[in-house]
Amino acid sequence: MDALDALHSRISVNLLEEPGPNTAQIDNIVRAGLRACDHKNLRPWRYLLIEGEARNKLGNLLSNAKETLDNAPLDPITRDKIEKKPLRAPTIIAVVAHITENPSVPKIEQLLSAGASAQMMMTAAFAQGIGAIWRSGALMFERGLHRELGLTENQELVGFLYLGTPKVSKPVPELSPNDFLSRWNG
Ligand SMILES: Cc1cc2nc3c(=O)[nH]c(=O)nc-3n(C[C@H](O)[C@H](O)[C@H](O)COP(=O)(O)O)c2cc1C
């Protein structure tokens, strides 16, 4: 797919099924992430590939994170619902912002770069015909979850990219550049 076509027509897919992207496709997705704009070339991104049984473990961690945030045990129905969330896609890539102290690059810029990296990956997935949706939620910011995922104190979760074969197709919304672009003449 032509780069501009992908950029102009990328769309998220929330209903995904097997198979997930293959090794070469994942490599392409990560390579796209690595081309995000990056002040001082700090490379403020890391990625965790979560597939197969690891998705069940992630579900378990998400339930635990919910219990921590609520400071109360989950009822079995809610626990089951949360535990199944990662099973909505065969493949998940967790995008992590890796923040380093730098006098020229504040944390916000490094987080933005990690977000840009995630967006690049979303577009690379779309360009290869892979369905993808960027998911987050309050649980994503729970530090116990971070620790269990192996994140260090200077790392933040930016999002979970759910990847797989699209089950549905959606039209691309019509948006006009003129509704968002204005000229500033000083
Ligand atoms: C930082 C971030 C977090 C998001 N979290 C969620 C989420 O948890 N659940 C969800 O359904 N969509 C979430 N979205 C939105 C979808 O990824 C998607 O962009 C949105 O549904 C619009 O669809 P489109 O990308 O096809 O325009 C998030 C988007 C961003 C940028």
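Residues numbered from 1 in each chain as written. Predicted model: local features only at pLDDT ≥ 70, side-chain atom pairs only at ≥ 80, totals over all residues. Heavy atoms only, no water.

Looking at an unreviewed UniProt entry, one finds the chain named Putative NAD(P)H nitroreductase and attributed to Arenicella chitinivorans. The record in UniProt for the chain states the following under Sequence similarities (unreviewed entry): "Belongs to the nitroreductase family." (UniProt positions renumbered as here; feature names shortened; annotations may be inferred.)

J.: Could you give an account of the site of the ligand, naming the residues involved and the relevant values?
T.: Every residue lining the ligand is accounted for by R10, I11, S12, I133, W134, R135, S136 and K170. In this structure, an oxygen atom belonging to the ligand sits 2.9 Å away from a side-chain N or O atom of R10. The separation between an oxygen atom of the ligand and a polar side-chain atom of R135 is 3.5 Å. Here the ligand has 620 Å² of accessible area as a free molecule, and 52% of this is covered by the chains. For the shell around the ligand, the class distribution of residues is 3 nonpolar, 2 polar and 3 charged. (Near = heavy atom within 4 Å. Polar contact = N/O pair within 3.5 Å; in protein donor to acceptor, adjacent residues only side chain to side chain. Areas by Shrake-Rupley, 256 points an atom, 1.4 Å probe, with all protein chains shown as cover. Nonpolar A, V, L, I, M, F, W, Y, C, P; charged D, E, K, R; others polar.)

J.: Go over the packing of helix α2 (residues 23–33) against helix α5 (residues 107–127), please, and point to the residues and values.
T.: Interaxial distance between α2 and α5 falls to 7 Å at its minimum, and their mutual angle equals 145°. With respect to the hand of their crossing, α2 and α5 are arranged in right-handed fashion. Across from N28, I29, V30, A32 and G33 in α2, the residues of α5 making contact are S117, M120, M121, A124 and A125. (Axes fitted to C-alpha atoms, helices over the stretch in contact; angles between N-to-C directions. Helix = DSSP H or I, 4+ residues; strand = E, 2+ residues; numbered from the N terminus. Left-handed = near helix turned anticlockwise from the far one by under 90°. Contact = heavy atoms within 4.5 Å.)

J.: Tell me about the UniProt feature "domain: Nitroreductase" (unreviewed entry) in the chain, residues and numbers included.
T.: Sequence positions flagged by UniProt for "domain: Nitroreductase" (unreviewed entry) are, in local numbering, residues 16–164. Secondary structure across residues 16–164 divides into 42% helix and 21% strand, with the first and last C-alpha atoms of the span separated by 5 Å.

J.: So what about the pairing of strand β3 (residues 91–98)? Which residues, and what values?
T.: With 8 of 8 residues buried, β3 lies mostly within the body of the structure. Sheet topology places strand β2 (residues 45–51) next to β3; 7 bridges connect them, and they run antiparallel. Across the sheet, residue W45 finds its bridge partner in β3, namely A97. Across 8 bridges, the pairing between β3 and strand β5 (residues 155–166) is antiparallel. (Buried < 20%, exposed > 50% of the residue type's maximum accessible area, 1.4 Å probe, protein only. Pairing = 2+ DSSP bridges.)

J.: I'd like a description of the packing of helix α3 (residues 54–70) against helix α4 (residues 76–83), backed by residues and values.
T.: Running from amino to carboxyl end, α3 crosses α4 at an angle of 130°, the nearest separation of the two axes being 7 Å. By the angle class used here, α3 and α4 are oblique. Every pair of crossing elements has a handedness; the one defined by α3 and α4 is right-handed. Residue-level contacts link G59, N60, L62, S63, N64, K66 and E67 of α3 to R79, I82 and E83 of α4. (Parallel < 35°, antiparallel > 145°, perpendicular 65-115°, else oblique.)

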